[in-house]
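One-letter residues, chain by chain:
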Amino acid sequence: MSLVALSELLGAYVRDADGTARGRLRDIAVAPQDHPTRIAYLIIRIGEGEHLVPAASIKALGPSIRTDGDPADWDTYTASDGVLLLKRDLLDQQIIDVHGRKVVRVNDVEIDSTPINSHMLLNVVAVDVGARGAIRRLAKGLVPAFTLRALLEKIPPRVIPWQYVDLLETDPARRVKLKIAYEGLSKLHPADIADIVEDLPPAEREAVFETIDEEVAAEALEEIDPDIKKSIVESLDSDRAADILEEMDPDAAADLLGDLTEARSGQILKEMEPEERQEVTQLLEFHEHTAAGRMTTEFLSMPETSVVDDAIEAMKTFEGGYEALATIYLTGRAHQLVGAVPLVKIATSSPAAELSGLSERAVSCPPDTPQDEVAALFDKYNLLTLAVVDEHGRLAGIITADDVITMLRHRN
Amino acid sequence: VLSFLKPVLSFLRTWRGRLVMLLAVIGPGFITANVDNDAGGIFTYSQAGAQFGYSLLWTMIPITIALVVVQEMASRMGAVTGKGLSDLIREEFGFRLTFFVMVTLVVTNFGNVVAEFAGIASSLELFGISRFIVVPCAAALVWLMVVRGTYDSIEKIFLTASAFYVCYIIAGVLAHPDWKAAAFATVTRPQAAGIRNYGYLYMVIGLVGTSISPWMQFYLQASVVEKGITARQYAASRWDVILGCIFTDVVAWFIIVACAATLYASGRHDIGTSGADAAVALRPLAGEYAYLLFAAGLFNASLFAASILPISTAYAVCEGLGFESGLDKKFHEAPVFYWLYTLLIVLGAGVLLLPRLPLVYVSVLSQVANGVVLPFVLIFMLLLTNDAELMGEHTNSRNFNIIAWLTVAVTIVMTLAMLFTR
């Protein structure tokens, strides 16, 4: 097994079975549909034409490339969407380093060759994003090869193993053919995904949001800078945008739609499921900078006669964000707010304990309370959630502390 | 009854819509064009007016066109691709060329930074403030403003700074020029006799050389991307570029006119070596106000350019070579970015505090690097804006290409000529 860098190979002579130089290496292709890392063929330039050399006929990969093939069998190369070309698609391009959680530029690609029986198994193993690849490419052809190798040995490598590389591809059809699914990216924390996406150019941002799972997309979108968030949603299909917005907290979805033009938000709303659409439309009517504009309608309220066990059962089927469960609200006749039970009290009480016995006085505010006063209430009463009640004293929604933190940060 | 008003109203509505669109995207083009009138530019324009009177005013229209053509390409690339110029050069032309362009860019920009700090120092020395106070303060101010500010807040500061260029227009009016002769000189063909004169030709080359520089293209494209302008808003963004270039050259026109009407008219054909010397020379001839306006204008222009150059260099280099960059990163996350930015300011300002100032060498070095790198940058821009895979339907049209190649060819010849005539 030995490692060789793509930049060392490019331009190398490709020799046939007799050892005659037939052409020079132009690019190297991987066909992800057959194998994710295996090299499928080399593209070499012979005179004016470009030909394919199948990987199976390669005997040695290095400063000179030996094959046991017959050049007559080397087909003419025609461009294909289904293969990844290491030079064209990878070298100097940006990729996502899933392990390091950032966007990086590729300086070189490392290829491993392992002899198996009579031929070589060639695999892409890593991309070089550090000084070693950079200096190799700068000095290539200017410094004798062995001196360069000795020099490069001294530079600590900065490589990203291939399994932690997520490629960026803006063409949806090609993404499917190359099997780019952003699996690695999807597993990161939504806040990390948001940071990465903010570093990408617009078309690549869109590519990520078209591809990743809707729920992940929704969580990540909530963490992204408002201006960028807006431009992403504007660029997505209404259909796809609606799918993602359905997974978001209704208050966040409403805020986002409120930033779009009326025509655009109308298109997206039309594509949403009726239930989500109704919630979001209600919230959209409130002014953004008031309690109502900041509240979510996904909260847990129980009749005041319930016991702890009932509350635990209700939590199991609750679909909203966990932060909304910090307080469970109690309602009396005609859904009027009568009390609030902190989650901790439920967790530490016996299943049969009555909720009304655990209840504290619920702090609440009317829907048109300005957001500054909302923040003041959180501060004064040390709240995790704040109830918003309508003119009849009924619980309309709640505001959670994380929304207040976001609000305060964006005001500065 | 009011039906006749309908077309008027709809016209007003679309007009208003366009104005709103324009206001939303204005900034990058306007700012970039104005920074072009930096300490070096102001000196060149002053000298042109003092030495040749109105007879170089004809260059203003071709220079404006060239400026618009080049800037428009940078701004269009930013809007369509969402990527910076150095990103695109790296992706399309590979590591080695990018490295070469970035190294020369750092050298030429370092020279420019020194020139801007020299402008700051000499303009405030006119008011009797020592450069040993001014230069460190200005360096600290620049560093802090950029590191602490956001894109939006900095853009507002820069747009305000752009407005201060009106100083020169007022100074031009105060100089009581012969308006008719000046206007006439702007639109007439240059005299053949003048062109054969070596000094005259040298000045024409200087005027072109100071107006199109590599760093502007990197800065403009990056700020279009940063502002989030997309291909859809591009039509309005083009106006940002055009208006910016026109305003810039109107300011340049007034600088030439002010010096022509006073210095040239009274036979003072040589003003010295800096924009501050121009202000001093104007004092006895154009009056106290013109002197103050020239000095204040120089300070504003130099500080403005000194704020933009280091940061734009740091961004371009780090993006092209693949280092972490961005003011939202911590120092240890993007060390190369912050070090490069800080060193450009500290060394650029520090050179001015040296007792025996090697200013001349720095300026020669910077001009040579500029002459070396500009052809590459402009040709790269032309190749990139003609790349259909990259630009889609927004590639250059055939007619635009003819003008653009011509502009680029003339600019390159002029820049190289300036290099060899020194």
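Quantities reported herein were computed from a predicted structural model and do not represent experimental measurements.

## Points about the overall build of chain A
Within chain A, the secondary structure is distributed over 20 helices and 20 strands. Whereas a compact globule of 412 residues would reach a radius of gyration of roughly 22 Å, chain A reaches 29 Å, over 25% beyond that. Projecting the C-alpha coordinates of chain A onto the three principal axes gives extents of approximately 95 × 45 × 40 Å. Expressed as a percentage of the 412 residues in chain A, the buried residues total 50%.

## A look at the overall build of chain B
Of the regular secondary structure elements, chain B holds 19 helices and 0 strands. Against the compact-globule benchmark of 22 Å for 422 residues, chain B has a radius of gyration of 21 Å, which places it among compact chains. Counting only C-alpha atoms and orienting by the principal axes, one finds that chain B spans roughly 70 × 55 × 45 Å. For chain B, the proportion of its 422 residues judged to be buried stands at 56%. Approximately 18000 Å² of chain B is accessible, and the part contributed by carbon and sulfur atoms is 70%.

## Examining the pairing of strand 16 (residues 327-331) of chain A
Residues in a regular strand project their side chains so that they alternate between the two faces of the sheet. Residue and element names in this part refer to chain A. Of all 5 residues making up strand 16, 5 are buried, and the element is well covered by its neighbours. Along strand 16, one buried face is formed by Thr327, Tyr329 and Thr331 and the opposite face, lined by Ile328 and Leu330, is buried too. Strand direction decides the pairing type here: strand 15 (residues 301-303) and strand 16, joined by 3 bridges, are parallel. Residue pairing in the sheet places Met302 in a bridge with Leu330 of strand 16. Both strand 16 and strand 17 (residues 337-342) contribute to a ladder of 5 bridges, which runs antiparallel. Bridging from a neighbouring strand, Thr331 pairs with Leu337 of strand 17. Turn length for the strand 16-strand 17 hairpin, with the two strands adjacent in sequence and antiparallel, is 5 residues, and the turn residue Ala334 shows positive phi of about 55°.

## A few points about the side chain of Asp128(A)
Residues and elements named next belong to chain A. Note on placement: Asp128 falls in strand 12 (residues 119-128). The buried charged residue Asp128 lacks any salt bridge, with Arg136 as its nearest oppositely charged partner at 4.4 Å. Sequence-distant contacts of Asp128, that is, excluding residues within four places in its chain, are made with Arg105, Val106, Asn107, Asp108, Glu110, Gly133, Arg136, Arg158 and Val159.

## A short note on the interface of chain A and chain B
In this assembly, 20 residues from chain A lie in contact with 16 residues from chain B. Contact with chain B buries area across many residues of chain A, yet Asp92(A), Arg105(A) and Leu138(A) alone supply 39% of it, more than any other trio. If you look at where chain A meets chain B, you find 4 salt bridges. A salt bridge links Asp87(B) to Arg105(A), with the nearest nitrogen and oxygen atoms 2.4 Å apart. Summed over the shared surface of chain A and chain B, the number is 10 residue pairs in polar contact (both at pLDDT 80 or more). For the side of chain A that touches chain B, the secondary structure elements donating two or more residues are strand 10 (102-105), helix 3 (131-139) and helix 8 (202-211) of chain A. The biggest single contributor to the side of chain A that touches chain B is helix 3 of chain A, with 4 residues. When its residues are assigned to classes, the side of chain A that touches chain B shows 8 nonpolar, 4 polar and 8 charged.

## Section: helix 5 (residues 85-125) of chain B
Relative to the 60 Å expected for 41 residues at 1.5 Å per residue, helix 5 of chain B spans just 38 Å between its end C-alpha atoms, considerably shorter than the ideal helical length. The sharpest bend along helix 5 of chain B measures roughly 135° and falls at Gly94(B).

## Concerning the environment of Lys179(A)
All names here are of chain A. Mapped onto the secondary structure, Lys179 falls in the loop between helix 5 (172-177) and helix 6 (183-186). Sequence separation between Lys179 and Ala242 is 63 residues, and the spatial gap between their C-alpha atoms is 25 Å. With residues near it in sequence (within four places) discarded, Lys179 still touches Pro32 and Gln33.

## Details of the nonpolar core
Of all hydrophobic cores here, the largest spans 136 residues; its most connected members are Leu56(B), Phe117(B), Phe218(B), Phe294(B) and Met381(B). In terms of residue count, the dominant contributor to this core is helix 15 (residues 288-321) of chain B (18 residues). Leaving out residues up to four positions away in the same chain, Met381(B) has contacts with Val70(B), Met73(B), Ala74(B), Met77(B), Leu85(B) and Gln217(B). Of all hydrophobic cores here, the second largest spans 96 residues; its members include Ile58(A), Val127(A), Leu257(A) and Leu383(A).

## Quick word on the sheet that holds strand 20 (residues 395-400) of chain A
Residue and element names in this part refer to chain A. Within the open sheet, the 3 strands sit side by side as 18-19-20. Their pairing is mixed. The open sheet has two edge strands with one neighbour each: strand 18 (364-365) and strand 20. Sheet topology places strand 19 (residues 385-389) next to strand 20; 5 bridges connect them, and they run antiparallel. Along strand 20, the bridge assignment pairs Thr385 with Thr400. Contacting strand 18, strand 19 and strand 20, helix 19 (residues 371-381) crosses the sheet at an angle of about 130° to strand 19.

## Comments concerning the layout of surface pockets
All names here are of chain B. Of the voids in this model, the second largest pocket is the one considered here, and its volume is about 1500 Å³. Of all the secondary-structure elements, those providing two or more residues to the lining of the second largest pocket are helix 3 (39-52), helix 5, helix 11 (198-211), helix 12 (214-226), helix 14 (275-286) and helix 17 (359-385). Counting residues per element, the lining of the second largest pocket draws most heavily on helix 5, which supplies 9 residues. Tallied by class, the residues present in the lining of the second largest pocket amount to 20 nonpolar, 23 polar and 7 charged.

## Examining the packing of aromatic side chains
Aromatic ring pairs: the centre-centre distance and the angle between the two ring planes describe each pair. All names here are of chain B. Going through the model one piece at a time under the given rule, you end up with 17 aromatic pairs over all chains. Ring geometry for Phe30 against Phe247: centres 5.5 Å apart, planes inclined by 20°, an arrangement best described as stacked. Here Phe247 lies in helix 13 (residues 234-264) and Phe30 lies in helix 2 (residues 28-35), a separation of 217 residues in the sequence. The two residues Phe30 and Phe247 agree in class, both being buried. Grouped by ring-pair contacts, the aromatic residues Tyr315, Phe331, Phe337, Tyr338 and Trp339 constitute a single cluster.

## Describing unusual backbone geometry
All names here are of chain A. Backbone geometry places Asp92, a non-glycine residue, at a positive phi of 70°. Locating Asp92 in the fold gives a position in the loop between helix 2 (86-90) and strand 9 (94-97). Within the chain, Asn382 stands out as a residue other than glycine whose phi angle is a positive 50°. The class of Asn382 is exposed, set by a relative accessible area of 67%.

## Description of the confidence of the model for chain B
On average, chain B scores 83 in pLDDT, and the residues at 70 or more come to 91%. Of the two predicted TM-score estimates for the complex, the pTM is 0.80 and the ipTM is 0.77.

## Here we look at the pattern of salt bridges
As enumerated under the stated definition, the model contains 25 salt bridges over all chains in all. Two residues, Asp92(A) and Arg90(B), come together in a salt bridge whose shortest N-O distance is 2.4 Å. Here the residue Asp92(A) occupies a position in the loop between helix 2 and strand 9, and Arg90(B) occupies one in helix 5, the pair thus bridging two chains. Accessibility assignment for this pair places Asp92(A) and Arg90(B) in one class, buried. Through salt bridges with shared partners, a single network forms among Arg105(A), Glu204(A), Lys83(B), Asp87(B) and Glu91(B).

Rules and cut-offs
- Residues numbered from 1 in each chain as written.
- Chains lettered and ligands numbered in written order.
- Predicted model: local features only at pLDDT ≥ 70, side-chain atom pairs only at ≥ 80, totals over all residues.
- Heavy atoms only, no water.
- Helix = DSSP H or I, 4+ residues; strand = E, 2+ residues; numbered from the N terminus.
- Rg over C-alpha atoms; globule rule 2.2 N^0.38 Å.
- Buried < 20%, exposed > 50% of the residue type's maximum accessible area, 1.4 Å probe, protein only.
- Areas by Shrake-Rupley, 256 points an atom, 1.4 Å probe, with all protein chains shown as cover.
- Pairing = 2+ DSSP bridges.
- Lys, Arg positive; Asp, Glu negative; His and termini not counted.
- Salt bridge = Lys/Arg side-chain N within 4 Å of Asp/Glu carboxyl O.
- Contact = heavy atoms within 4.5 Å.
- Buried area = accessible area lost by both parts, 1.4 Å probe.
- Polar contact = N/O pair within 3.5 Å; in protein donor to acceptor, adjacent residues only side chain to side chain.
- Nonpolar A, V, L, I, M, F, W, Y, C, P; charged D, E, K, R; others polar.
- Expected span 1.5 Å × (residues − 1).
- Bend = angle between axes of the 7 residues up to and from the residue.
- Core = buried A, V, L, I, M, F, W, Y, C linked by side-chain atoms within 4.5 Å.
- Axes fitted to C-alpha atoms, helices over the stretch in contact; angles between N-to-C directions.
- 1 Å grid on protein atoms, 1.4 Å probe; cavity = no way out; pocket = protein on both sides within 12 Å on 5 of 7 lines; lining within 4 Å.
- Points joined across faces, edges and corners; volume = space filled by probe spheres on them.
- Phe/Tyr/Trp six-rings, centres within 6.5 Å; stacked < 30°, edge-to-face > 60°.
- pLDDT = per-residue confidence, 0-100.

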